[in-house]
Amino acid sequence: MIDTHLHLWRLDTGWYGWNTPALGAVHADSTAERATRELDGAGVMAAVVIQAADLLAETDWLVDQARREPALAGVVGFLPLDDIPVLEELLATYQDTPLVGVRQLWHDHDDASELASGTTIDALHLLGEAGLPVDAPDAFPRLWPALTTAVDSAPRTTFVLDHCGKPPFGDDRAWRTWEHGFRDLVSRPNVVAKLSGLFGGSGSAVPATRTELARVAELVREVAGAERTMIGSDWPMTRGRLDYPATITRLTELLSAWSPAEIAAASTDTAHRSYPLSRLRCEKMSS
């Protein structure tokens, strides 16, 4: 499988103000070398590294880490989307690098409508033309309206819904609102659902029950289908609750009712279609 949601960070950079000692075991460095060992130990072929700071410096660092470690098949990094000429220059700069997607921490921005602004929509069109998808983190409930507008306004751009939008586990009323929004958003053909962040950490406020997790997996299967579903560990956000192999085991359990063809799609094929991953990098690792 390809783990499509793995984080790296060095706390001494000062880039991660959100990563405080209150997060317990998560408040520790996550290095490329450690990640590679974890992937190998869990039998995971490759991983896509996801940004965790809205800084070009972090993007450069993540790209450098991916260049050094073949198991890191690509980077979804931060790029500024508020200046089109600057974005065009950056897209040219990163053209032949492991950058395979773009993300910003829009859920932490003061203005939730920023994702649907005119300049951002223009930037999203550019990303689509460059073949770079856009990951949207923790979309429910604050980003839902703006994200829907962005998806409709840039139909040739692929949008990846990280953590399935952040289902509100343990709250039946909020769940019904989330499910309605999820069905509506993911019905668009340019939206891919990422089964990730569902075991605590960044994807949910409280731990989910197995029944709730099964409901999410079945909903994703029904609405997105395996051809628009990816799986991701969100490691090391689960550290302290689950180690990496246990996180991967829980992920594969979510697909236990899926057919072999569906499992193959969600485990690897959708990642290759959604992100411009180099098959050579992944084949090199599997040999």
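This report concerns the structure included in the present document.

Definitions and limits used
Residues numbered from 1 in each chain as written. Predicted model: local features only at pLDDT ≥ 70, side-chain atom pairs only at ≥ 80, totals over all residues. Heavy atoms only, no water. Helix = DSSP H or I, 4+ residues; strand = E, 2+ residues; numbered from the N terminus. Contact = heavy atoms within 4.5 Å. Axes fitted to C-alpha atoms, helices over the stretch in contact; angles between N-to-C directions. Parallel < 35°, antiparallel > 145°, perpendicular 65-115°, else oblique. Left-handed = near helix turned anticlockwise from the far one by under 90°. Nonpolar A, V, L, I, M, F, W, Y, C, P; charged D, E, K, R; others polar. Buried < 20%, exposed > 50% of the residue type's maximum accessible area, 1.4 Å probe, protein only. Pairing = 2+ DSSP bridges. Right-handed = clockwise from strand over helix to strand, strands pointing away.

## Some details on the environment of L143
- Turning to its location among the elements, L143 is positioned in the loop between β5 (134-136) and α5 (144-153).
- Remark: the alpha-carbon pair of L143 and R250, spanning 107 residues in sequence, is separated by 27 Å.
- Aside from chain neighbours lying at most four places away, what touches L143 is W106, H107, A112, P137 and D138.

## Overview of the packing of helix α3 (residues 84-93) against helix α4 (residues 118-129)
- Two elements in contact, α3 and α4, have axes whose closest approach is 10 Å; the angle formed by their N-to-C orientations is 20 degrees. The orientation of α3 relative to α4 falls into the category roughly parallel. Note on packing geometry: the crossing formed by α3 with α4 is right-handed. Side by side, α3 and α4 meet where I84, L87, E88 and L91 of the first sit next to T119, D122, A123, L126 and L127 of the second.
- Split by residue class, the contact of α3 with α4 holds 6 nonpolar, 1 polar and 2 charged.

## Some words on the pairing of strand β1 (residues 2-6)
- Across the 5 residues that make up β1, a large majority, 5, are buried.
- Bridge count between β1 and strand β2 (residues 46-50): 3 bridges; the pairing is parallel. Pairing of L6 across the sheet is with V49, part of β2.
- As for the winding sense of the linkage, the β-α-β connection from β1 through helix α1 (residues 32-42) to β2 is right-handed.

## What about the pairing of strand β3 (residues 72-77)?
- Among the 6 residues that make up β3, 6 are buried, leaving the element largely enclosed by the rest of the structure.
- Across 4 bridges, β2 lies against β3 in parallel orientation. Bridging from a neighbouring strand, A47 pairs with L72 of β3.
- In this fold, β2 hands off to helix α2 (residues 56-68), which returns the chain to β3; that crossover is right-handed.
- Where β3 meets strand β4 (residues 99-103), 3 bridges bridge the pair, whose relative direction is parallel. Note on β4: the bridge partner recorded for G77 is V102.
- Tracing the backbone out of β3, into α3 and back to the parallel element β4 gives a crossover that is right-handed.

Everything listed here is a matter of geometry and, on its own, says nothing about what the molecule does.
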